[in-house]
Amino acid sequence: MRTCSRCILPASYRNITFDRDGVCNYCRTYDELRPRLEDFDRLGRLFQERIDASRGKAEYDALVGLSGGKDSAYIVYALREIYGLKVLAVTMDNGFLTDFARENVRRVVDALGVDHFFYTPEWSMYRECYRAATCTLGLTCIACAQLGYALLYKLAFDRGIPLAVHGRSRVQMFKELTAGSRDPFIPFIASNLAPQNNRQIKAAGYSALGKMDYFLKRVFTDETELQRVKQAFIPDLERFDHAAAVPDLVAYFLYHPYDEEALKQTLERIGWQRPKHDAILSHHDCAIHDAAAYLYHQSLGYPLLALELSSAVRMGDITRDQALARLQAERCLWEYPADSMDILKERLGIAAAEIGVIIRKARVRHKLL
């Protein structure tokens, strides 16, 4: 299959086009935005403006989602130790959090002395969210990505916390950065890149909630279940409409250079532990990551990891050859991940025979068959 001559995105990726040199529109978009996205002097001032506007306005200055992974753990560290904010950390216990991640959450919270809680909605609702995303689209991870950030925003709104800070790395937040993107947090990136403005922040919230509504309607056909999930994960729209100010959902790494090894070393000094089998863009906080990655690849015809690696190539973090080598090393893309898949099937109530059916239906839906 044809791939971009600069990154490794395939021709089957949604909304992709190539110029006469074989360079994709995602690479061209990043090139156009590069001066703004890599001007860290200006970005640092924008972030400090948000810090100053949030400090001391509520019981907590910032709410941070803490999964136990390196990115979210470092953000809790930076906001507490570098910026001196009063931080509340929340861990979404979605039923798939690994013991390794849970222990790293404990280490970070204890070392930094920040307030923290686990958010655990009724499992039957979580189960239906993940099951619906898996069986309808073949994309288990989309439930976690969409609902996790929506929940962070809702909790900040409900508690009156002015700043909600998420842990997407630069390669994750820019992987779908182009016109027509369905990523619900692209509007927040645009808002984050401008001086803080309550009207613009609220407009970004409306745009993101609209994209979230599109996702939920794709995976839930039962209206009662749809409304139940919205109530749990989406801010009350009537209160949102009348609110004078809403949380600023901020991407910490949008404003700061990202050095994965350096931040791991910093975290190790406060007791955080890196996984035994460590690699760039690895995930050790989710027990079904390998199964979800396998299903994504089989359902869409390209791996989710290719999007993030392509983003890293655009930014000059790795070469194209290094990206291809890292992709080839992701064994769950090429070998059936039996252990992880067994957990997914057991927790979501999916029979072994259904996996092939899910993949075939997803391929039809995504127009691969």
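Here's a quick rundown of the structure. Note that this is a predicted model, so its numbers are computed, not measured.

Quick notes on the nonpolar core
Core analysis: the largest hydrophobic core is formed by 71 residues, its most contacted members being Leu216 and Phe233. When residues of this core are assigned to their parent elements, the largest contribution, 10 residues, is made by helix α6 (residues 140–159). Among all residues touching Phe233, those that are not within four sequence positions of it are Pro121, Met125, Tyr126, Cys129, Leu147, Ala150, Leu151 and Lys154. Counting residues in hydrophobic clusters, the runner-up holds 58 residues, among them Phe47, Ile51, Val87 and Cys332.

Here we look at the environment of Thr134
Within the fold, Thr134 resides in helix α5 (residues 123–137). Note on Thr134: relative accessible area 0%, which makes it buried. Here the alpha-carbon distance between Thr134 and Ala306, two residues 172 residues apart in the chain, equals 20 Å. In this structure Thr134 touches Leu139, Thr140, Leu295, Leu348, Ile350 and Ile358, once residues within four positions along its chain are discounted.

Notes on the pairing of strand β5 (residues 248–251)
What you see with β5 is no split at all: Asp248 and Val250 on one side and Leu249 and Ala251 on the other are buried throughout. Direction of pairing for strand β4 (residues 163–166) relative to β5: parallel, over a ladder of 4 bridges. Note that in β5 the partner of Val165 across the bridge is Val250.

Thoughts on the packing of α5 against helix α10 (residues 223–233)
Following both chains from N to C, one finds α5 and α10 inclined at 110 degrees, their axes separated by 11 Å at the closest point. Overall, the two elements α5 and α10 adopt an arrangement that is roughly perpendicular. Handedness of the α5/α10 crossing: left-handed. From α5, Ser124, Met125, Tyr126, Glu128 and Cys129 reach across to α10, where they touch Glu225, Arg228, Val229, Ala232 and Phe233.

A closer look at the sheet that holds strand β3 (residues 115–119)
Within a sheet, adjacent strands bond to each other through the backbone by hydrogen bonds, running parallel or antiparallel. The sheet built from 5 strands is open, its strands ordered β3-β2-β1-β4-β5 with parallel pairing. At either margin of the open sheet sits one strand with a lone partner, and together these are β3 and β5. For this sheet, the mean angle separating the axes of adjacent strands, direction not counted, is 25 degrees. Both strand β1 (residues 62–65) and strand β2 (residues 87–92) contribute to a ladder of 4 bridges, which runs parallel.

Notes on α6
With 20 residues, α6 should cover 28 Å at 1.5 Å per step; its first-to-last C-alpha distance of 29 Å lies within 8% of that length. For α6, a buried count of 14 out of 20 residues is recorded, marking the element as mostly surrounded by other parts of the structure. Following α6 by one or two positions, Gly160 has its phi on the positive side, about 70 degrees.

Analysis parameters
- Residues numbered from 1 in each chain as written.
- Predicted model: local features only at pLDDT ≥ 70, side-chain atom pairs only at ≥ 80, totals over all residues.
- Heavy atoms only, no water.
- Core = buried A, V, L, I, M, F, W, Y, C linked by side-chain atoms within 4.5 Å.
- Buried < 20%, exposed > 50% of the residue type's maximum accessible area, 1.4 Å probe, protein only.
- Helix = DSSP H or I, 4+ residues; strand = E, 2+ residues; numbered from the N terminus.
- Contact = heavy atoms within 4.5 Å.
- Pairing = 2+ DSSP bridges.
- Axes fitted to C-alpha atoms, helices over the stretch in contact; angles between N-to-C directions.
- Parallel < 35°, antiparallel > 145°, perpendicular 65-115°, else oblique.
- Left-handed = near helix turned anticlockwise from the far one by under 90°.
- Expected span 1.5 Å × (residues − 1).

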